[in-house]
Amino acid sequence: MKITKNKDDFGLTVNVEEDKDIFGITFGGNLDLYWYIHSNEEIKDKHKVFRITKENYKLYELFEILYRDIERINLFDEELSDEEKDRFRKYDNANYKELFNPKDKTITWYSDETAKRVGNYLVIKKKDDSFELNFHTQDHIDGYDRDFNNAYYIPIRFRNSGSRYTPFNCAFMRMYNRLDEIDDVNDMCHQLHMEEYLYHLDHPKVFVKK
């Protein structure tokens, strides 16, 4: 897993490279957040999977925090009351029942780029020791604006104003703001976490320098 970070006038872009796929997170000039998958091979069946493992434990930990924040509805510095949280769980405020499925352990986000019926969507699935990022596209329907994608690229937009899932965009933005804390496992200055060491024992080839 190779991680690269680039800063510009808008903010930070983080790319995570594994084999022939790149998963990226970036902040756009329109002040919205974007996640995307880019592959050197044609994406088949309108679906592409990228896995976040404990190879880089700091990155994995950020996904754990994101998942926990969505699950527990931990969105702001000051914790919401149980009554406020029930508005999401019981009454489906902000489409929470679509967003979070406790039975399947999934977070599902339909891109805010266009209508849900035709938009790209992302499913984050929590596994025992990894997070599975499933990027999907849908068929276009006449009369709807097209979402951006091609045979090698699927983006997901998280609006910071006007999202169907507001205020849960705050959890994704908080995760984005923490991305500057991570470094590449291939960097000489990278401090090996115990979880990474254990992962290395099971997957020794991932720590071979390129």
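All values reported here derive from a predicted model rather than from experimental measurement. (Residues numbered from 1 in each chain as written. Predicted model: local features only at pLDDT ≥ 70, side-chain atom pairs only at ≥ 80, totals over all residues. Heavy atoms only, no water.)

1. Structural notes on the overall build of the protein
Counting its secondary structure elements, the protein contains five helices and 10 strands. Put simply, of all contacts in the protein between residues at least 6 apart along the chain, 60% involve residues at least 24 apart. By element, 45% of the accessible surface of the protein is carried by carbon and sulfur atoms, the whole surface being about 11700 Å². (Helix = DSSP H or I, 4+ residues; strand = E, 2+ residues; numbered from the N terminus. Contact = heavy atoms within 4.5 Å. Areas by Shrake-Rupley, 256 points an atom, 1.4 Å probe, with all protein chains shown as cover.)

2. Looking at helix α4 (residues 169–177)
Most of α4 is tucked away: seven of the nine residues are buried. Among the residues making up α4, those that are buried are Asn169, Ala171, Phe172, Met173, Arg174, Met175 and Tyr176. (Buried < 20%, exposed > 50% of the residue type's maximum accessible area, 1.4 Å probe, protein only.)

3. A few points about the packing of aromatic side chains
All told, the structure shown has 22 aromatic pairs when counted by the stated rule. Against the face of Tyr67 rests Lys126, its NZ or CZ located 5.6 Å from the ring centre. (Phe/Tyr/Trp six-rings, centres within 6.5 Å; stacked < 30°, edge-to-face > 60°. Lys NZ or Arg CZ within 6 Å of the ring centre and 35° of its normal.)

4. Points about the environment of His47
Looking at the secondary structure, you find His47 in strand β5 (residues 47–52). For His47, a relative accessible area of 30% corresponds to the partly exposed category. Along the primary structure His47 and Gln138 are separated by 91 residues, whereas in three dimensions their C-alpha atoms are 9.3 Å apart. Here His47 is in contact with Asn134, Phe135 and His136, once residues within four sequence places are set aside.

5. Considering the side chain of Arg174
Turning to its location among the elements, Arg174 is positioned in helix α4. Within the structure, the side chain of Arg174 is placed 2.4 Å from the backbone oxygen of Asn74, a separation counted as a polar contact. Those residues in contact with Arg174 that sit more than four places away from it in its chain are Asp69, Asn74, Leu75 and Phe76. (Polar contact = N/O pair within 3.5 Å; in protein donor to acceptor, adjacent residues only side chain to side chain.)

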